[in-house]
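# Fold and contact review
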Amino acid sequence: MSDDGVGLFGRLKDKLVESKKRWAQDGRLLTGAPDPRRAQRLPPGQRLVATWPVLDLGIQPDIPLNVWRITVDGLVENPTVWKWGEFTDEAMVRRTSDIHCVTAWSRYDNEWEGMSARHLLSVVRPRPEAQHVIFHSYDTYTTNVPLADFDAADVLLAVKWNGAPIAREHGGPVRVVIPKLYFWKSAKWIKRIEFSQHDKPGFWEVRGYHNYGDPWLEQRYDDE
Ligand SMILES: Nc1nc2c(c(=O)[nH]1)N[C@H]1C(S)=C(S)[C@@H](COP(=O)(O)O)O[C@H]1N2
Ligand SMILES: [Mo]
């Protein structure tokens with residue numbers, strides 16, 4: 001063992017480099033989050049709630065299951081209309097996700113069950129020109145997302161929340177859930193899903209809300 005300072009420093013440095021190399025190989029300190037901004041679970045400006053607030057336009061449509069229909073049309077190879085029993089006979093999945101509403105509340109760990117967006121896409125098969133998805137609801141509400149954001153593993157057309165049918169005030173029989181965008185993008189009482197080449201800003205998007213709505217970038221309102 002060499003006792004001169006240079007040798008000691010050299011050995012310490014080697015040790016440091018070695019251990020950093022091992023950390024890199026082990027992926028130590030990685031959060032597993034795809035984006036470092038998401039290392040913090042609560043997006044900027046949000047506060048956590050345990051309740052589930054209700055937000056709507058003052059109408060909560062009551063759609064009996066025997067008259068409920070969902071239409072998927074526009075730029076798709078296979079336009080589809082499902083009745084209630086046909087819809088629920090399709091593959092159902094469960095996904096747990098957080099809700100972030102633009103009115104600054106967030107609610108963690110909501111367990112949704114329904115048809116995954118990816119299953120829907122596999123059935124209707126959007127044409128290559130389709131770039132946008134426009135949601136139309138029974139209360140006349142509309143909202144828009146890029147197709148690339150609809151096509152995500154955690155997006156679904158939910159029929160259940162925390163094990164029970166989605167209550168009418170929360171958009172039952174079927175509501176959209178798009179966890180990575182502010183909750184106004186998650187249309188309640190969904191009636192029609194339209195695939196379009198061109199974007200069609202929806203109810204809130206034409207009233208000053210941001211067209212995309214990323215909670216992590218605080219895209220609450222339109223900049224103009
Ligand atoms: N059809 C429809 N969907 C809607 C709305 C609406 O008024 N009508 N409000 C949006 C807004 S602003 C929010 S925050 C959430 C509220 O869902 P919740 O009432 O289940 O919390 O639904 C979104 N989807
Ligand atoms: Mo909202």
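As a reminder, the structure under discussion sits directly above these lines.
This section reports on the structure supplied with the text. The structure displayed is predicted, hence computed values, not measured ones. (Residues numbered from 1 in each chain as written. Chains lettered and ligands numbered in written order. Predicted model: local features only at pLDDT ≥ 70, side-chain atom pairs only at ≥ 80, totals over all residues. Heavy atoms only, no water.)

Glancing now at the nonpolar core. Of all hydrophobic cores here, the largest spans 32 residues; its most connected members are Phe 87, Leu 120, Phe 135, Phe 150, Leu 157, Ile 193 and Phe 195. Of all elements in the fold, only β2 (69–74), α3 (117–124), β6 (132–137), α4 (147–150), β8 (156–161) and β11 (190–196) reach the threshold of two or more residues within this core. Of all the elements, α3 adds the most residues to this core, at five residues. If we skip the residues at most four places from it in the chain, Phe 135 touches Tyr 141, Thr 142, Thr 143, Val 145, Phe 150, Val 176, Ile 178, Lys 185, Ala 187, Ile 190, Arg 192 and Ile 193. Listed in part, the 16 residues of the second largest apolar core include Val 49, Tyr 182, Phe 183 and Trp 184. (Core = buried A, V, L, I, M, F, W, Y, C linked by side-chain atoms within 4.5 Å. Buried < 20%, exposed > 50% of the residue type's maximum accessible area, 1.4 Å probe, protein only. Helix = DSSP H or I, 4+ residues; strand = E, 2+ residues; numbered from the N terminus. Contact = heavy atoms within 4.5 Å.)

What follows concerns the pattern of salt bridges. For the coordinates displayed, the defined rule picks out twelve salt bridges. Taking the shortest distance from any N to any O, the salt bridge between Glu 111 and Arg 94 comes out at 3.9 Å. Placement of Glu 111 in strand β5 (residues 105–116) and of Arg 94 in strand β4 (residues 93–100) is noted, with a sequence separation of 17 residues between them. In this structure Glu 111 comes out as partly exposed when scored by relative accessible area, which is 29%. You can call Arg 94 exposed: its relative accessible area is 55%. For Glu 194, the salt bridge goes to Arg 192, with nearest N and O atoms at 3.8 Å. The exposure class assigned to Glu 194 is buried, which follows from its relative accessible area of 8%. (Salt bridge = Lys/Arg side-chain N within 4 Å of Asp/Glu carboxyl O.)

The next point concerns the site of ligand 1. As a structural note, the neighbourhood of ligand 1 is formed by 20 residues, with Pro 53, Asp 139, His 170, Arg 175 and Lys 188 the closest of them. The side chain of Trp 52 places a nitrogen or oxygen atom 3.0 Å from an oxygen atom of ligand 1. Here His 170 contributes a side-chain N or O atom positioned 2.7 Å from an oxygen atom of ligand 1. With the chains in place, 98% of the 530 Å² that ligand 1 exposes on its own is no longer accessible. Of the residues belonging to the shell around ligand 1, the class tally is 13 nonpolar, three polar and four charged. (Near = heavy atom within 4 Å. Polar contact = N/O pair within 3.5 Å; in protein donor to acceptor, adjacent residues only side chain to side chain. Areas by Shrake-Rupley, 256 points an atom, 1.4 Å probe, with all protein chains shown as cover. Nonpolar A, V, L, I, M, F, W, Y, C, P; charged D, E, K, R; others polar.)

This brings us to the side chain of Asn 144. Mapping Asn 144 onto the fold places it in strand β7 (residues 142–146). Within the structure, the side chain of Asn 144 is placed 2.8 Å from the side chain of Asp 199, a separation counted as a polar contact. The residues contacting Asn 144, other than those within four sequence positions of it, are Val 133, Ile 134, Lys 185, Asp 199, Lys 200, Pro 201, Gly 202, Glu 205 and Asn 211.

Note that β4 and β5 share seven bridges and pair antiparallel. Bridge assignment links Arg 95 to a residue of β5, and that residue is Trp 112. What sits between β4 and β5 in their antiparallel hairpin is a turn of four residues, with Ala 104 showing a positive phi close to 85 degrees. (Pairing = 2+ DSSP bridges.)

Two aromatic rings, taken as a pair, are described by how far apart their centres are and by the angle between their planes. The final tally for this structure, using the stated rule, is 14 aromatic pairs. Each ring, one from Trp 184 and one from Tyr 209, has its centre 5.1 Å from the other, and the planes form 70 degrees; the classification is edge-to-face. In this pair, Trp 184 is assigned in the loop between β10 (175–177) and β11 and Tyr 209 in the segment after β11, connecting sequence segments 25 residues apart. What links up through ring pairs into an aromatic cluster is the set Tyr 141, Tyr 182, Trp 184, Phe 203, Trp 204, Tyr 209 and Tyr 221. For the cation-ring pair, Arg 41 lies above Tyr 108, with the distance from its terminal atom to the ring centre recorded as 4.0 Å. (Phe/Tyr/Trp six-rings, centres within 6.5 Å; stacked < 30°, edge-to-face > 60°. Lys NZ or Arg CZ within 6 Å of the ring centre and 35° of its normal.)

Turning next to the sheet that holds β2. Pairing is mixed in the open sheet, where five strands are placed in the order β3-β2-β11-β6-β7. Whereas interior strands pair on both sides, the edge strands pair on one side only; in this sheet they are β3 (80–83) and β7. Taking each pair of neighbouring strands and ignoring which way they run, the sheet shows an average axis angle of 15 degrees. Of the pairings in the sheet, the one linking β6 to β7 comprises five bridges and is antiparallel in character. Residue His 136 lies in a different strand from β7, and its bridge partner there is Thr 142. (Axes fitted to C-alpha atoms, helices over the stretch in contact; angles between N-to-C directions.)

Shape is all these values report; function is a separate question.
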